[in-house]
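# Report on the structure
Single-letter residue listing:
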Amino acid sequence: MFDDSDVKIFNDNGKPEENFDEIAVIAEMTRQRSNGNSEKAKKLGKHLADIFVDETKMIKDLSREVGSLDFDADTVYQIKVLLAFTAEYCINHSLPSPLLSNTAVNNMYDTVRNQAFDFYDRLDDAAEYSLYYLAVRKGNDIASEIGNSFAMLCEREDFADLGKNLFEVAKKEIENIIDFYEFA
């Protein structure tokens, strides 16, 4: 028989969580569900996913803000990855609870998987997020660091400003979308 005495719940720092309170988690889930935030998080995730799925509209909208994005398929893929990362970044920094962030992010990726499996499958196997997370962790000028990572992923040094601009424009728009949902 399995002995679970040495199984521990870990916190964000990777250390065992001594006071994991299942009742508190259930209460938080109930609170977020009853105040409507859980449903809003699901809708937010789907809304953001729909932006990535409609590639033509996405490129057209971004072009108005950052200039022509008439690039090859690999570069357009990198733009979509940067936008997906930016969405996840904004969700994790803007929603009032980690439970809601997880709900929104999971629903976003579930929607992408269901509507654009090829993109999802390629994204699921990609290492691009690691570079973007490293850029964020540097903590200095996040937008510039993201731009540098984008340029490296595109193998074009001259794309650093483009990556920075894409991140800034997407971040602002996604934050506006999140504000629209008026989380309690």
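Preceding this paragraph is the structure being described.
As the structure is a computational prediction, the values presented were derived from the model and not from experiment.

The next subject is the overall build of the chain. A tally of helices and strands in the chain yields 9 helices and 2 strands. Reading the chain from its N terminus to its C terminus gives the helix and strand order β-β-α-α-α-α-α-α-α-α-α. Looking at the 184 residues of the chain, the share that counts as buried comes to 38%. Counted over contacts in the chain with a minimum sequence separation of 6, partners at least 24 positions apart contribute 66%. By element, 48% of the accessible surface of the chain is carried by carbon and sulfur atoms, the whole surface being about 11200 Å².

The phi torsion at glutamate 155 lies on the positive side, around 60 degrees, for a residue other than glycine. Under the relative-accessibility criterion, glutamate 155 is labelled exposed at 73%.

All right, on to helix H4 (residues 73–94) then. Relative to the 32 Å expected for 22 residues at 1.5 Å per residue, H4 spans 31 Å between its end C-alpha atoms, a close match to the ideal helical length. Burial analysis of H4 places 17 of its 22 residues in the buried class, which makes it a mostly covered element. For H4, the capping residue at the N-terminal end is aspartate 72, with a side-chain oxygen 2.9 Å from the backbone nitrogen of aspartate 74.

Let us now look at the environment of alanine 104. Within the fold, alanine 104 resides in helix H5 (residues 98–115). C-alpha of alanine 104 to C-alpha of histidine 47: the two residues are 57 residues apart in sequence and 9.7 Å apart in space. Residues in contact with alanine 104, not counting those within four places in the same chain, are Ala41, Leu44, Gly45, Ile91 and Leu95.

What counts and how
Each chain has its residues counted from 1, following the order in which its sequence is written. Since the coordinates come from a predicted model, pLDDT governs what is reported: local features require at least 70, and pairs of side-chain atoms require 80 or more to be given and counted, while whole-chain, interface and lining totals use all residues. Here the side-chain values reflect all heavy atoms present in the structure, with hydrogen atoms and water set aside. Helix numbers and strand numbers start at the N terminus; a helix is a DSSP run of H or I with at least 4 residues, a strand a run of E with at least 2. Each residue is placed in one exposure class: buried if its accessible area under a 1.4 Å probe, protein chains only, is under 20% of its type's maximum, exposed if it is over 50%, and partly exposed if it falls in between. Residue contacts follow a heavy-atom distance rule, with two residues in contact if any of their heavy atoms lie within 4.5 Å. We get accessible surface area from the Shrake-Rupley algorithm with a probe of 1.4 Å; when it comes to residues, only the shown protein chains can shield them. Any helix carries an expected span of 1.5 Å times its number of residues minus one. For the purposes of these results, a polar contact is taken to be a pair of N or O atoms within 3.5 Å, where, inside protein, one atom must be able to donate a hydrogen and its partner to accept one; residues adjacent in sequence count only when each atom of the pair is a side-chain atom.

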